[in-house]
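# Tertiary structure, described
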Amino acid sequence: MDIDGYLGPGGRTAALATSHGLVAADAAVRLAEAERFRAEREIVAESLTRRWGTPYHVGLQTVRLRTGAEEIPEPWAGLSLRVGEVYLWRIEEEGRWAALGVADLDPDDEIQLLLVVTQTDPP
């Protein structure tokens, strides 16, 4: 996934926050930091909910499993490999989707609070 970069027609991913030094961190330290990022996600979600309305709460495990058997479009395929669940808003007036989640699935990566905006419908 191209963090902070162009994802294709009408799409972008922004890392709103990134941990530092957690790649080699103790599992307990990493877990505590992931919880802190989830708390930050809730704060951001409150602001976005005021703007765009009540979000869907979507688990991405089935999308992650489907990537092995079928072609899942980006940004959803890449996002599902890094994020377990997202808050998802449909921004009707712009014809876009916004997804907010914590990328903490890969212990060899830093934890990130990600906001994805795309015209591609979720699978």
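Right above here is the structure, for reference.
Residues numbered from 1 in each chain as written. Predicted model: local features only at pLDDT ≥ 70, side-chain atom pairs only at ≥ 80, totals over all residues. Heavy atoms only, no water.

### Overview of the side chain of threonine 118
How we decide: A run of H or I in DSSP becomes a helix once it reaches four residues, and a run of E becomes a strand once it reaches two; helices and strands are each numbered from the N terminus. Residue burial is assigned from relative accessible area. The probe radius is 1.4 Å, only protein chains are included, and a residue is buried under 20% of its type maximum, exposed over 50%, and partly exposed in between. Two N or O atoms form a polar contact when they lie within 3.5 Å of each other; inside protein one atom must be a possible hydrogen donor and the other a possible acceptor, and for residues adjacent in sequence the pair counts only when both atoms belong to side chains.
Take threonine 118: it is sitting in strand β5 (residues 112-118). Accessibility expressed as a relative area gives 2% for threonine 118, which makes it buried. Of the polar contacts made by the side chain of threonine 118, one reaches the backbone nitrogen of threonine 120; its length is 3.0 Å.

### Some thoughts on the nonpolar core
Formally: Take the buried Ala, Val, Leu, Ile, Met, Phe, Trp, Tyr and Cys residues and link them wherever side-chain atoms come within 4.5 Å; each set so joined is a nonpolar core. The contact criterion used throughout is that any non-hydrogen atoms of two residues lie within 4.5 Å.
Core analysis: the biggest nonpolar cluster contains 16 residues, and Trp89 and Leu100 have the highest contact counts within it. Put simply, the parts of the chain that give this core at least two residues each are α1 (27-52), β3 (83-91), β4 (96-103) and β5. Per-element accounting of this core gives the leading share, five residues, to α1. With sequence-adjacent residues up to four places away left out, tryptophan 89 is seen in contact with Ala45, Leu48, Thr49, Trp52, Gly53, Thr54, Pro55, Arg96, Trp97, Ala98 and Leu100. Within the second largest apolar cluster, 14 residues are counted, among which are Val63, Val86, Ala99 and Val116.

### Quick word on the pattern of salt bridges
For clarity, the cut-off: The salt bridge definition used is simple: a Lys or Arg side-chain nitrogen within 4 Å of an Asp or Glu carboxyl oxygen.
Throughout the structure, instances matching the rule amount to ten salt bridges. In this structure, aspartate 104 and arginine 38 form a salt bridge, with 2.5 Å as the shortest nitrogen-oxygen distance. Of this pair, aspartate 104 sits in the loop between β4 and β5 while arginine 38 sits in helix α1, placing them 66 residues apart in sequence. Accessibility expressed as a relative area gives 17% for aspartate 104, which makes it buried. Across the pair arginine 66 and glutamate 70 runs a salt bridge, and its minimum N-O distance is 3.1 Å. When salt bridges with common partners are traced through the structure, they connect Glu33, Arg36 and Glu40 into a single cluster.

### Observations concerning the environment of threonine 54
The topology assignment puts threonine 54 in the loop between α1 and β2 (56-59). Its relative accessible area of 72% is what places threonine 54 among the exposed residues. Residues threonine 54 and tyrosine 87, spaced 33 residues apart in sequence, show a C-alpha to C-alpha distance of 9.2 Å. If sequence neighbours within four positions are ignored, threonine 54 has contacts with Thr49 and Trp89.

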